[in-house]
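The lines below spell out each chain.
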Amino acid sequence: MVGLKSVQKQLARKWIAGNQRGGVLLFLLVAVTILGLSAGIAGSTWTSIVQRSKEADLLWKGNQIRAAIGSYYETPGAPGTPLQYPQSVDDLLKDNRSLKVRRHLRQPYLDPMTGEDWEWIKAPEGGFKGVRSTSHKTPFKKDGFSEENKTFVGMYQYRDWEFIYLPKKKVEKQKVKVTPGTIQGTGTIPGTGTAPGTGTTPGATQ
């Protein structure tokens, strides 16, 4: 009987020890899972913070380049030459079209989203009218843009944000030209009753 009780006690100790080890392993597994999730969330949050910072920098630098293009375009060159867009970023950094050298852009900014060169948008009449990023990432900012960037609302990629300078042209009303001796819309020559091009008087029998 004494031997049987001793065996039972040993088995009970092993069972308790086994359960304790299992509990420790389960605790370690849960702890590792929580740490992994926390690290993933922290990494995702940090990535979002970095992207938002680059996004804000993209807006600032894009606006700076657009303003520089506008300044270059609106600055007259040699007498008799038409207003024109810059041919490259070098023209913005150093404008030699007149005796007094002008600098429309302080430095050649890179695309903040990629760290590389911008994609320059060509103007139909020659030169470059704007820039845009080459990044296909989805922007965080979807609305609340300034008036000059209102076309960015709802865009799905950073490369859709085009920082373009468009000259402010006055819209002229088109004047309707009336041929002397005719009344527009009647199709007849006043005082004759004759339809233009017919040589006949409306209502006359032939």
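In short, a report on the structure. (Residues numbered from 1 in each chain as written. Predicted model: local features only at pLDDT ≥ 70, side-chain atom pairs only at ≥ 80, totals over all residues. Heavy atoms only, no water.)

On inspection of all chains with the given rule, the structure shows 1 cavity of 30 Å³ or more. Estimated volume of the largest cavity: approximately 30 Å³. Residue lining of the largest cavity: Thr75, Pro76, Gly77, Thr81, Pro82, Leu83, Gln84 and Arg97, and that is the complete set. (1 Å grid on protein atoms, 1.4 Å probe; cavity = no way out; pocket = protein on both sides within 12 Å on 5 of 7 lines; lining within 4 Å. Points joined across faces, edges and corners; volume = space filled by probe spheres on them.)

With respect to the element layout, Arg132 can be found in strand S2 (residues 128-132). Exposure remark for Arg132: the relative accessible area of 15% places this residue in the buried category. A polar contact is formed between the side chain of Arg132 and the side chain of Glu119, at a distance of 2.9 Å. There is a polar contact of 2.8 Å between the side chain of Arg132 and the side chain of Glu162. In this view, Arg132 contacts Trp118, Glu119, Ile121, Arg159, Trp161 and Glu162; residues no more than four positions away in its chain are not counted. (Helix = DSSP H or I, 4+ residues; strand = E, 2+ residues; numbered from the N terminus. Buried < 20%, exposed > 50% of the residue type's maximum accessible area, 1.4 Å probe, protein only. Polar contact = N/O pair within 3.5 Å; in protein donor to acceptor, adjacent residues only side chain to side chain. Contact = heavy atoms within 4.5 Å.)

Now for the nonpolar core. Core analysis: the largest hydrophobic core is formed by 22 residues, its most contacted members being Leu58, Ile65, Leu105, Trp118, Trp161 and Phe163. Put simply, the parts of the chain that give this core at least two residues each are helix H1 (2-74) and helix H2 (89-93). No other element matches the 7 residues that H1 contributes to this core. (Core = buried A, V, L, I, M, F, W, Y, C linked by side-chain atoms within 4.5 Å.)

Within S2, 5 of the 5 residues are buried, leaving the element largely enclosed by the surrounding structure. Here strand S1 (residues 119-122) pairs with S2 via 4 bridges, running antiparallel. Looking across to S2, one finds that Glu119 is bridged to Arg132. Taken together, the 2 bridges between S2 and strand S3 (residues 163-164) define a ladder with antiparallel strand orientation. Looking at S3, one finds that Val131 is bridged to Phe163. (Pairing = 2+ DSSP bridges.)

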